[in-house]
Every structure is written in structure tokens, then in C-alpha cells.
Amino acid sequence: KEENRINCHIIVHEDELVAHIGALSRSFKLDHKEFNFIMYGGIAVNEAYRGQGRFKELFEAVLEKYTDVTFHLLWSDKTDLYKNFNFYPCIELNQYERVNNNESYPQLFEVHQSYFIDLTHEEQEALKQLYASNKELRVNRSEQAWNDIKEITSSEVYLVYNNDKLVNYFFKNKGQDLTDIIHEYGHINKEQLELMQNYGTVWSPQVFDNHASLFASLMRIGNKELFSNFLRAYTPIELVSIKDNAEMIVNFNGDEFSQPIEDFLQGVFGPGRFEEISAPPIFISGLDSI
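Residues numbered from 1 in each chain as written. Predicted model: local features only at pLDDT ≥ 70, side-chain atom pairs only at ≥ 80, totals over all residues. Heavy atoms only, no water.

Trainee: Talk me through the overall build of the protein; I want residue IDs and the actual numbers.
Mentor: The helix and strand inventory of the protein stands at 7 helices and 16 strands. By the burial criterion, 49% of the 290 residues in the protein qualify as buried. Restricting to contacts in the protein with at least 6 residues of sequence separation, those with at least 24 account for 63%. Placing the 26 positive and 45 negative side-chain charges of the protein at their respective mean positions leaves the two points 3 Å apart. (Helix = DSSP H or I, 4+ residues; strand = E, 2+ residues; numbered from the N terminus. Buried < 20%, exposed > 50% of the residue type's maximum accessible area, 1.4 Å probe, protein only. Contact = heavy atoms within 4.5 Å. Lys, Arg positive; Asp, Glu negative; His and termini not counted. Charge placed at Lys NZ, Arg CZ, Asp CG, Glu CD.)

Dropping the structure here:
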């Protein structure tokens, strides 16, 4: 989008595009405060320039640009590469494969397939209410963000009705990245999960039977004060300090603890959350990710 071009970063050599990294700013709202974070995508290096340190050069410059954020997120299976930049896998995501459960609830629900842009104003508003009322910690969406979603015509929306009342919705597909993946829903329970599995593979931070555990993201801590404020709003844990970009010193119930950053981030955001963490799981929909 034109207004986000300032966040598309490139290296050019003799009029040839060498490398690109795109950034996208989003936020979470906790305790009536907004905490901004940055997501990275479209990361690519021209084949002719690989192995020359161009990616490192560009990524370090990009990270230096976005220092005033709570944290940084990206999606990649190259975990060893990104650990060099202090990104660690965390945030729990569970995958539920497509299964034909149609016979379980043949009469209860009607499901209508459409696109967000084609919904009536009333349907769009009802869908927004379902999104906002979910107990998961989700990306804060402005009206402009919802308007942007109207332009994502590669994502189908399914409206779930019970006795002519909209009780749920879910989005499936997005471009070439989320084929047959249901990556957003209004709410989820065992019944709604089984219904959605008729239409695709479901991604959710919620734990039900027969799931495969995935890492939802790689995270790098951003501004230490902002991250500390976010942590205090999200958990009963207080950040004391970060030692050598490797170790977290935190305070919990008056006692001080030390943990490697990777273990701490997984303990807070999952998988394998600390038992003392009762905060809602983070869920970033495919519609919000870059």
C-alpha cells in the first residue's frame, strides 16, 4: 500500500535490486494502553548477491530504524539464522487438520461463504463485534485496518448462523501462504472447531485434542521500557534487566529469577507457558500479518 512504502526497505546496486525487507506496524491494547510492535516479511535477496552479507547489512539497518517498539516478530523456519539477530521462537499455535465432521452437527448451523467486501454493513459490524469480544489477545484493528481487509480478496469469509443469528465467522486462505488454512475465527470451542474442520485446517492458540503444536512466531525484544510495561500489563512478572542480550532477570511475587531469553519468552507466550501465567494467549490472524 502506498502509505506503507516508507516501511519497504531495499538495497540497490547499479540500478539492480539486491535485497528487500518489508515492515508492518501493528499494536495490542492492554489496560487501555496500546503497545506497538513490528512484523517483517517479504524478506528476499537477489540470487546473484547471496553469500555476500547483504541480508545482514540490510536487516541490521532495518532493526536499528525500529527501536521504539515493544517487540519485533517474523515468521521463518530458519531459527538458527535469526537467533543471530536475537529472534527466538515463541507464541503457541496449534494446528487441527481438516476432518469431515459434517454428520456431527447437521441441523444446528448454517454456513454461508462470501468475501468481507461483499458483506452487508450489518454483517460487517456483527463480525467486528465477534472479533473484538474474543478473549484471546488480538491485534487492535482500526477502521482503516478493517477497510484494508476489504481489499484482501484472496481470503474467503464464512458466516456461521444459528436460527438466523450470526454466532461465528472464520476466514480461510490468503494469497499463496495460507492455502486451505483457517487463520481467524470469531470464537472457538470444541463444537465450533469440529464445524470449521469441515472447511479447512484450523490454526488456534487454544488447546483441544488431536493437535500439532507449532511456533507462531520468532520474537525479538524491542525497547526495554516498552517491553517491561507490556509484560507488567500482561502478566504478574516485572522485568528487572536483560543481561548481555541473553538472560532475563525478572521479579515474581517479590523473588528475583534469572532465565535465558528463549526459555523466558516461551514461558510467557508459549509453548509450555509458566503455570503462573493466566493471561489470554496471543493470536495474530493471517489478515494482520505481513
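Trainee: Report on the environment of Pro-280, specifying residues and quantitative values.
Mentor: In this fold, Pro-280 is placed in the loop between helix 7 (261-269) and strand 16 (282-283). Spatially, the C-alpha atom of Pro-280 lies 9.4 Å from that of Phe-269, the residues being 11 residues apart in sequence.

Trainee: Describe a nonpolar patch on the surface, and please don't skip the residues or the numbers.
Mentor: Residues Ile-10, Val-12 and Leu-17 make up a contiguous nonpolar surface patch of roughly 270 Å² in combined accessible area. Looking at the secondary structure, you find Leu-17 in strand 2 (residues 16-30). (Patch = residues over 30% accessible without salt bridge, like charges linked within 9 Å, V, L, I, M, F, W, Y side chains within 5 Å. Areas by Shrake-Rupley, 256 points an atom, 1.4 Å probe, with all protein chains shown as cover. Salt bridge = Lys/Arg side-chain N within 4 Å of Asp/Glu carboxyl O.)

Trainee: How would you sum up helix 1 (residues 54-65)? Please name residues and give values.
Mentor: Taking 1.5 Å per residue, 12 residues should reach 16 Å; helix 1 reaches 17 Å between its end C-alpha atoms and fits that length. The set of residues buried in helix 1 consists of Arg-54, Phe-55, Leu-58, Phe-59, Val-62 and Leu-63. Projected down its long axis, helix 1 shows its buried positions confined to an angular sector of 150°, all on one face. Along its buried surface, helix 1 packs onto strand 1 (8-13), strand 2, strand 3 (33-45), strand 4 (71-74), helix 2 (79-83) and strand 12 (212-221). (Expected span 1.5 Å × (residues − 1). Arc of directions from axis to C-beta.)

Trainee: Outline the sheet that holds strand 15 (residues 255-260), supporting the account with residue identities and numerical values.
Mentor: Strand order in the open sheet formed by 3 strands is 13-14-15, and the pairing between neighbours is antiparallel. Of all strands in the sheet, those bounded by a partner on one side alone are strand 13 (238-243) and strand 15. Averaged over all pairs of adjacent strands, the angle between their axes in this sheet comes to 25°, without regard to strand direction. With 6 bridges connecting them, strand 14 (residues 247-252) and strand 15 associate as antiparallel partners. Looking at the pairing, Phe-252 lines up with Asp-255 of strand 15. Across the sheet, helix 7 touches strand 13, strand 14 and strand 15, and the angle it forms with strand 15 is around 110°. (Pairing = 2+ DSSP bridges. Axes fitted to C-alpha atoms, helices over the stretch in contact; angles between N-to-C directions.)

Trainee: Report on unusual backbone geometry, specifying residues and quantitative values.
Mentor: Glycine aside, residues mostly have negative phi, and peptide bonds are mostly found in the trans state. Note the cis peptide between Gly-270 and Pro-271, where omega equals -10°. With respect to the secondary-structure elements, Pro-271 resides in the loop between helix 7 and strand 16. Despite not being glycine, Asp-180 shows a phi value in the positive range, around 65°. Among the structural elements, Asp-180 can be located in the loop between strand 9 (165-172) and strand 10 (181-185).

Trainee: Lay out the packing of helix 3 (residues 121-133) against helix 4 (residues 143-150) with the relevant residues and their values.
Mentor: Interaxial distance between helix 3 and helix 4 falls to 13 Å at its minimum, and their mutual angle equals 120°. Considering how the two elements wind past one another, helix 3 and helix 4 form a crossing that is right-handed. Between helix 3 and helix 4, the contacting residues are Gln-124, Leu-127, Lys-128 and Tyr-131 on the first element and Glu-143, Trp-146 and Lys-150 on the second. A breakdown of the residues in the contact of helix 3 with helix 4 according to their chemical character gives 3 nonpolar, 1 polar and 3 charged. (Left-handed = near helix turned anticlockwise from the far one by under 90°. Nonpolar A, V, L, I, M, F, W, Y, C, P; charged D, E, K, R; others polar.)

Trainee: If you had to explain the nonpolar core to someone new, which residues and values would you point to?
Mentor: Counting residues in hydrophobic clusters, the biggest one holds 64 residues, and the most contacted among them are Phe-227, Phe-230, Leu-265 and Phe-269. Counting residues in hydrophobic clusters, the runner-up holds 21 residues, among them Ile-11, Phe-55, Val-62 and Tyr-82. (Core = buried A, V, L, I, M, F, W, Y, C linked by side-chain atoms within 4.5 Å.)

Trainee: Give a description of the confidence of the model for the protein that names residues and reports values.
Mentor: Confidence in the prediction of the protein, expressed as mean pLDDT, is 94, and 98% of residues score 70 or more. Looking at the elements of the protein, mean pLDDT is at its lowest for strand 12, recorded as 93, and at its highest for strand 10, recorded as 98. (pLDDT = per-residue confidence, 0-100.)

Trainee: Account for the packing of helix 6 (residues 224-234) against helix 7, with residues named and values stated.
Mentor: It is at 12 Å that the axes of helix 6 and helix 7 come closest, and there the two elements cross at 40°. Note on packing geometry: the crossing formed by helix 6 with helix 7 is left-handed. Contacts between helix 6 and helix 7 involve Phe-227, Phe-230, Leu-231 and Tyr-234 from the first element and Phe-264, Leu-265, Val-268 and Phe-269 from the second. Partitioned by chemical class, the residues of the contact of helix 6 with helix 7 number 8 nonpolar, no polar and no charged.

Trainee: Tell me about the pairing of strand 1, and name the residues and values.
Mentor: Where strand 1 meets strand 2, 6 bridges bridge the pair, whose relative direction is antiparallel. Bridge pairing in strand 2 links Ile-10 to His-20.

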